[in-house]
Amino acid sequence: MYAAVEQGPVLCSDSNILCLSWKGRVPKSEKEKPVCRRRYYEEGWLATGNGRGVVGVTFTSSHCRRDRNTPQRINFNLRGHNSEVVLVRWNEPYQKLATCDADGGIFVWIQYEGRWSVELVNDRGAQVSDFTWSHDGTQALISYRDGFVLVGSVSGQRHWSSEINLESQITCGIWTPDDQQVLFGTADGQVIVMDCHGRMLAHVLLHEADGILSMSWNYPAFLVEDSSESDTDSDDYSPPQDGPAAYPIPVQNVKPLLTVSFTSGDISLMNNYDDLSPTVIRSGLKEVVAQWCTQGDLLAVAGMERQTQLSDLPNGPLLKSAMVKFYNVRGEHIFTLDTLVQVRACVRHSLGALCSHARPPVNTREWVIL
């Protein structure tokens, strides 16, 4: 297996990039047909949020040497946030973009006739800890640091909300693969389980002295039907009238694993939230970010090496080692990618240092930025 990192001069920006989200390109002419997954992963749109409250949307391609048409406009700067943008999340079935700022403001953007506009705005005045779309794209799960959680429709209608009284903060929230339950991780190592109607189901303590950073499944983020026949280049898209019905569940060869990342750098691979004997990965990294490949059989874990000594390079900034480690579904280490990054760089961009495709020798696995 290999993963490629672009070698070249460090590019500078007038503002720190704080978050990333990538989606595949869905051609307009295929809105009522299965999506060509081969083309879907070759090109798409990258959304970024920065410290100046600007959301960037940029067309990306992994076949830049080929003679293929690109959209008429490939860069957009979306303005409206009054503080730094800390979360960006694509909704692929409905082709919408949710963005959250440090003050708790949430915008949902849509593209129409080549222009982006704000469709929905939500502002509680409290910090958002996580925002996640359901796998069919019809619902949004919003969790706040003060314990308030909310589920609403893609069109902005509130389905239910609840105030979870905890001594610690909620750090993340995810949907189960069937979208029938939601799980919340906390800073004191608990997982809180609620059903899709807001009823409390369980409190499970996973670790007494270790907070939960994030949770995920080795399962597609969105349900998009695959097709091997398509070669259109049109980029405009409007979702079908019947919504997610056009995106049936794909065939999965790997049983979904709940992946829980802790502040210590450990990662638990669990069959469910109540798994009493999870597989534990000791990554040895700090501020880890974990992401499964699209086929769900390889896990990339990015972070900073804990024992690295800083060195002051001549005429340059302090550098230290950022690492991406790859594991299989049994938690076995496969490969490590090591690279130097500036100290001030955000650790959550370590996975973004990879090219869009990370390939083993035989079968192709592909990573997309979440």
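Residues numbered from 1 in each chain as written. Predicted model: local features only at pLDDT ≥ 70, side-chain atom pairs only at ≥ 80, totals over all residues. Heavy atoms only, no water.

(A) Just the overall build of the protein chain, in detail. Scanning the protein chain from N- to C-terminus turns up 1 helix and 27 strands. Taking all 370 residues of the protein chain together, the buried fraction comes to 52%. Pairs at least 24 residues apart make up 52% of the contacts formed inside the protein chain by residues separated by at least 6 positions. Just so you have it, the protein chain exposes about 18300 Å², and 47% of that area is on carbon and sulfur atoms. (Helix = DSSP H or I, 4+ residues; strand = E, 2+ residues; numbered from the N terminus. Buried < 20%, exposed > 50% of the residue type's maximum accessible area, 1.4 Å probe, protein only. Contact = heavy atoms within 4.5 Å. Areas by Shrake-Rupley, 256 points an atom, 1.4 Å probe, with all protein chains shown as cover.)

(B) Geometry of the UniProt feature "repeat: WD" (unreviewed entry) in the protein chain. Residues annotated by UniProt as "repeat: WD" (unreviewed entry) correspond here to residues 78–109. The distance from the first to the last C-alpha atom of residues 78–109 is 9 Å, and the span holds 0% helix and 62% strand. (UniProt positions renumbered as here; feature names shortened; annotations may be inferred.)

(C) Molecular detail of the packing of aromatic side chains. One pass over the full model with this rule turns up 7 aromatic pairs. Seen in terms of ring centroids, F326 and F335 are 6.2 Å apart; in terms of plane orientation they differ by 35 degrees. Their pairing is tilted. For F335, a relative accessible area of 30% gives the class partly exposed. Cluster of aromatic residues (ring-pair linked, three or more members): W45, F59 and F76. The ring of F148 carries the charged tip of R124 above its face, separated from the ring centre by 4.2 Å. (Phe/Tyr/Trp six-rings, centres within 6.5 Å; stacked < 30°, edge-to-face > 60°. Lys NZ or Arg CZ within 6 Å of the ring centre and 35° of its normal.)

(D) Up close: the sheet that holds strand β11 (residues 139–144). Across the sheet, which stays open at both edges, the 4 strands sit in the order β10-β11-β12-β13 with antiparallel pairing between neighbours. Two strands bound the open sheet, and with one partner strand each, they are β10 (128–133) and β13 (158–163). In this sheet, neighbouring strand axes are inclined to one another by 10 degrees on average, regardless of whether the strands run parallel or antiparallel. Bridge count for strand β12 (residues 148–153) against β13 is 5 bridges, and the pairing is antiparallel. (Pairing = 2+ DSSP bridges. Axes fitted to C-alpha atoms, helices over the stretch in contact; angles between N-to-C directions.)

(E) Examining the sheet that holds strand β16 (residues 190–195) more closely. Here we have 4 strands laid out as an open sheet, ordered β14-β15-β16-β17, and antiparallel in their pairing. A strand with exactly one partner marks an edge of an open sheet, and here the two such strands are β14 (170–175) and β17 (200–205). If you compare each strand with its neighbour and ignore which way they point, the axes differ by 20 degrees on average. Examined bridge by bridge, strand β15 (residues 181–186) and β16 share 5 bridges and lie antiparallel to one another. Counterpart to Q181 in the pairing with β16 is D195.

(F) Looking closely at the pattern of salt bridges. For the coordinates displayed, the defined rule picks out 6 salt bridges. Across the pair R124 and D146 runs a salt bridge, and its minimum N-O distance is 3.2 Å. Here D146 lies in the loop between β11 and β12 and R124 lies in the loop between β9 (115–123) and β10, a separation of 22 residues in the sequence. The partner of R199 in a salt bridge is D195, with the nearest N and O atoms 2.9 Å apart. (Salt bridge = Lys/Arg side-chain N within 4 Å of Asp/Glu carboxyl O.)

(G) Examining the confidence of the model for the protein chain more closely. Taken over all residues, the pLDDT of the protein chain has a mean of 79, while the share at 70 or more is 71%. Under a pLDDT of 50 for its full length, residues 230–251 has, in the predicted model, 54 contacts with residues more than four places off or in other chains. Every residue in residues 343–370 scores below 50 in pLDDT, and together they form 80 contacts with partners more than four places removed in sequence or on other chains. (pLDDT = per-residue confidence, 0-100.)

(H) Structural context of unusual backbone geometry. One non-glycine residue, E113, lies in the positive phi region at around 50 degrees. One non-glycine residue, D179, lies in the positive phi region at around 60 degrees. Looking at the secondary structure, you find D179 in the loop between β14 and β15. Residue D179 is classed as buried on the basis of its relative accessible area, which comes to 7%.

(I) Molecular detail of the side chain of S143. Within the secondary structure, S143 sits in strand β11. The contacts of S143, once residues within four sequence positions are left out, are V128, S129, D130, F148, V149, I170, C172, G173 and F184.

(J) Layout of the side chain of S268. The residue S268 is located in strand β21 (residues 266–270) in this model. Classification of S268 as buried rests on a relative accessible area of 9%. When residues no more than four places from it in sequence are discounted, the contact partners of S268 are L258, T259, V260, F262, P278, T279 and V280.

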